[in-house]
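Chain by chain, the residues run as shown.
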Amino acid sequence: MIKTNSEIFIFIIILSLPFKIWGGDILLQSTTSTKNSGFYNYILPIFKKKTGINVKVVAVGTGQAIKNAENCDADLLIVHAKSDEEAFVTNGHGIKRHNLMYNDFVIIGPSNDPANISESKSTEEALNSIFEFGHNFISRGDNSGTHKKEKKLWDTAKLDISDYSGKWYKETGSGMGTTLNIASELNAYTLSDRATWITFKNKQKLEILFDNDKNLLNQYGAILVNPKKCPYTNIEDSKVFLNWLLSDEGQNMIKKYKVNGMQLFYPNAD
Amino acid sequence: MEVFLKAFITALELILNFDISLYEIVGLSLQISITSLLIASIIGFPIGVFLAITQFSGRSFIISIFNSLMGMPPVVVGLIVYLLVSRSGPLGWLEILYTPYAMIFAQLLLILPIIISLSTQIFEELHKEYKDFFIIFSVPPKKSIIIYISDSKDSLITIFLAGFGRAVSEVGAVIIVGGNIDHVTRVMTTTIALETSKGDLPLALALGIILIFISLIINIIANKLKIKINKESSL
């Protein structure tokens, strides 16, 4: 048994020794959609094998990822809300915004489609049908890239959902997965990025009811955190990583990533 | 009900197949929670004794503060620690955000009030019994602290378990300051949250079952220890 204070101290030191300390790694703030789809588990080992550089991924909503990066808790940012990304760069937090890859958003809903949106010709028409019918629609409500996109879509369709919040329009304030879980339970409509939807395992009676519309584009951007604002940032390695992602080789690797035989992300670096 | 059955089978499979990532996650959980528990005990028990045996104005107010801090939401603790250790925060130079050290820090803040409040109560009881004895034999205060702690070992085990339970089961704080990074800061509870968000409910529940199982083992060991201590002291 441990008897003296010094023995306890030694015990604590031994306990905490094996923690890996990751000096020199890249800290990447990114979105749950890219992380949950297994994209980073696929691409990071390829990059590490090539360069020996380790990348740590923190997956949160786009809003929070940008906030964290503004606090300098990131070396690189990969998110999906273009206007916020541009503001991040304009405010001097980021160096430059690059297009990285895209996929699309899809409208998910109960397979019997009570609001009959599957025959809609446009996203506006689909949202109009849900609005008129007043069927449960689950919103992220968390300032994420997907939430911002959804709000923009309602605006474009000139529909004001604010009066219905808490009625048929329910804001979860949670990540995409949690929101999909709730949509499954309530048999409701929701907007999801395609990658999260494909990899989501609790689909129950939900399916894709509306997709393939130009308004549903989901563009991911990559930004290096500016070392002038954040002196601790690991700019050297992050540059290597970003340049690799934007290179033909990196873009090709993105293209090759498939889940259940489906390609999840389409590279489009400029 | 099918989910429960599936979860149970998945849990058994994970344990019996010696799934390496599972053992890594469980190991990290235990390592972090036990470390924060020990640090909290070293700080907390002496404070508990101090609060129990000394009289000063504001004492009961301090005790009330610690009592109410026991109910502090983990997310708030996580947020506070995040703001402290963020690269732009006052402790940013430590560079411990998104490492196990930040998680230990957060758990320490979570369980310290439990250790202090509960031990104060136990030492207060003991103090009523021993007070006169200590005065008669003029035992120095430092010595009395050691006597109090060693004479209440079995009750302290209960406090340990309460602290450990809080540390190992919370998710709100460690997911903010740890970031749930694979192979670095991923623990049982953050994995459960992650798998739930992926919609893999059986796997999430299986991990929950394993967490309860580990708690059970620890409780059994602690109880054995308690019985042993009681036997020794009754001799």
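The model shown is predicted, which means the values in this text are computed figures rather than measured ones.

Caption draft 1: Structural context of the overall build of chain B. Looking only at helices and strands, chain B has ten helices and zero strands in total. Listed N to C, the secondary structure of chain B is α-α-α-α-α-α-α-α-α-α in terms of helices and strands. Across its three principal axes, chain B shows a C-alpha extent of roughly 65 × 50 × 30 Å. Expressed as a percentage of the 235 residues in chain B, the buried residues total 43%. Residue pairs at least 24 apart in sequence account for 79% of intrachain contacts in chain B once pairs closer than 6 positions are excluded.

Caption draft 2: A look at the overall build of chain A. For chain A, the count of helices and strands is eleven helices and twelve strands. With the C-alpha coordinates aligned to their principal axes, the bounding extent of chain A is approximately 70 × 55 × 40 Å. Residue burial in chain A is summarised as follows: out of 270 residues, 45% are buried. Restricting the contact set of chain A to residue pairs at least 6 apart, pairs at least 24 apart contribute 74%.

Caption draft 3: Quick look at unusual backbone geometry. Here the phi dihedral of Asn-260 of chain A falls at roughly 50°; this positive angle occurs in a residue that is not glycine. With respect to the helices, strands and loops of the structure, Asn-260 of chain A is situated in the loop between β10 (258-259) and β11 (262-263). Despite not being glycine, Tyr-98 of chain B has its phi angle at roughly 60°, a positive value. Relative to the helices and strands, Tyr-98 of chain B resides in the loop between α4 (74-85) and α5 (100-136).

Caption draft 4: Examining the domain arrangement of chain A more closely. Residues and elements named next belong to chain A. By domain assignment, chain A separates into domain 1 (5-103 + 219-267) and domain 2 (105-216). The centre of domain 1, based on its C-alpha atoms, is set 28 Å off from the matching centre of domain 2. Between domain 1 and domain 2, the contact holds 18 residues from the first and 14 residues from the second. Elements represented by at least two residues in the side of domain 1 that touches domain 2 include exactly α2 (32-36) and α4 (62-70). In terms of residue count, the dominant contributor to the side of domain 1 that touches domain 2 is α2 (three residues). Class assignment of the residues belonging to the side of domain 1 that touches domain 2 gives a composition of six nonpolar, twelve polar and no charged.

Caption draft 5: Representation of the packing of helix α2 (residues 20-53) of chain B against α5 of chain B. All names here are of chain B. In contact at an axis separation of 6 Å, α2 and α5 are set at 35° when each is read in the N-to-C sense. With respect to the hand of their crossing, α2 and α5 are arranged in right-handed fashion. The residue makeup of the contact of α2 with α5, split by class, is 21 nonpolar, ten polar and one charged.

Caption draft 6: Looking closely at the interface of chain A and chain B. Counting residues at the interface gives 27 residues for chain A, matched by 21 residues for chain B. In terms of residue class, the side of chain A that touches chain B is built from 14 nonpolar, nine polar and four charged.

Caption draft 7: Here's a closer look at the pairing of strand β1 (residues 26-31) of chain A. Residues and elements named next belong to chain A. Counting buried residues in β1 gives six out of six residues, a clear majority hidden from the surface. Burial along β1 is two-sided: the residues Ile-26, Leu-28 and Ser-30 and Leu-27, Gln-29 and Thr-31 are all buried. With six bridges joining them, β1 and strand β2 (residues 55-60) adopt parallel strand pairing. Within the sheet, the bridge partner assigned to Leu-28 lies in β2 and is Val-57. Here β1 pairs with strand β3 (residues 76-79) via three bridges, running parallel. Within β3, the position partnered with Gln-29 by the bridge is Leu-77.

Caption draft 8: Broad picture of the packing of α5 of chain B against helix α7 (residues 153-169) of chain B. Residue and element names in this part refer to chain B. Interaxial distance between α5 and α7 falls to 9 Å at its minimum, and their mutual angle equals 155°. By the angle between their directions, the pair α5 and α7 is classed as roughly antiparallel. Note on packing geometry: the crossing formed by α5 with α7 is right-handed. Each of Gln-107, Leu-110, Ile-111, Ile-114, Ile-115, Leu-118, Ser-119 and Ile-122 in α5 lies in contact with α7, whose residues at this interface are Ser-155, Leu-156, Ile-159, Ala-162, Gly-163, Arg-166 and Ala-167.

Caption draft 9: Examining the confidence of the model for chain B more closely. Looking at chain B, pLDDT values average 91 and 99% of them are 70 or higher. Model confidence for the complex: the whole-complex pTM is 0.86, and ipTM, which rates the interface, is 0.79.

Caption draft 10: Summary view of the nonpolar core. Formed by 105 residues in total, the largest nonpolar core has its most connected members in Leu-76 and Leu-77 of chain A together with Val-81, Ala-102, Ala-106 and Val-177 of chain B. Of the residues forming this core, the biggest block, 18 residues, is contributed by α5 of chain B. Setting aside its immediate chain neighbours within four residues, Ala-106 of chain B contacts Val-77, Gly-78, Val-81, Ala-173, Val-174 and Val-177 of chain B.

Caption draft 11: View of helix α1 (residues 2-16) of chain B. In a regular helix each residue adds 1.5 Å, so 15 residues correspond to 21 Å; α1 of chain B covers 21 Å between its end C-alpha atoms and thus fits that length. Once α1 of chain B ends, the next one or two residues include Phe-18 of chain B, with phi positive near 50°.

Caption draft 12: Local environment of helix α10 (residues 235-246) of chain A. Residues and elements named next belong to chain A. Taking 1.5 Å of rise per residue, the twelve residues of α10 would be expected to cover 16 Å, and the 16 Å separating its terminal C-alpha atoms lies within 8% of that figure. Listed as buried for α10 are Ser-238, Phe-241, Leu-242 and Leu-245. Projected down its long axis, α10 shows its buried positions confined to an angular sector of 95°, all on one face.

Caption draft 13: Representation of the environment of Glu-85 of chain A in the model. Residue and element names in this part refer to chain A. By the secondary structure assignment, Glu-85 is in helix α5 (residues 82-90). As for Glu-85 and Ala-222, which are separated by 137 residues in sequence, their C-alpha atoms are 8.6 Å apart. When neighbours within four sequence positions are excluded, Glu-85 is seen to be in contact with Val-79, Arg-97, Gly-221 and Ile-223.

Caption draft 14: Focus on the environment of Ser-233 of chain B. By the secondary structure assignment, Ser-233 of chain B is in helix α10 (residues 201-234). Between the alpha carbons of Ser-233 of chain B and Asp-151 of chain B there is a distance of 8.5 Å; along the sequence they are 82 residues apart.

Caption draft 15: Quick peek at the environment of Ile-78 of chain A. Residues and elements named next belong to chain A. Tracing the chain through its elements places Ile-78 in strand β3. Taking the number of C-beta atoms within 10 Å as the measure of exposure, Ile-78 has 26 and is therefore buried. Residues Ile-78 and Gln-29, 49 residues apart in the sequence, show an inter-C-alpha distance of 6.5 Å. Beyond its immediate sequence surroundings of up to four residues, Ile-78 is in contact with Leu-28, Ser-30, Thr-34, Leu-100, Tyr-220 and Ala-222.

About the criteria used
- Residues numbered from 1 in each chain as written.
- Chains lettered and ligands numbered in written order.
- Predicted model: local features only at pLDDT ≥ 70, side-chain atom pairs only at ≥ 80, totals over all residues.
- Helix = DSSP H or I, 4+ residues; strand = E, 2+ residues; numbered from the N terminus.
- Buried ≥ 20, exposed ≤ 12 C-beta atoms within 10 Å, placed from the backbone.
- Contact = placed C-beta atoms within 7 Å.
- Domains from an automatic or database assignment.
- Nonpolar A, V, L, I, M, F, W, Y, C, P; charged D, E, K, R; others polar.
- Axes fitted to C-alpha atoms, helices over the stretch in contact; angles between N-to-C directions.
- Left-handed = near helix turned anticlockwise from the far one by under 90°.
- Pairing = 2+ DSSP bridges.
- Parallel < 35°, antiparallel > 145°, perpendicular 65-115°, else oblique.
- pLDDT = per-residue confidence, 0-100.
- Core = buried A, V, L, I, M, F, W, Y, C linked by C-beta atoms within 7 Å.
- Expected span 1.5 Å × (residues − 1).
- Arc of directions from axis to C-beta.

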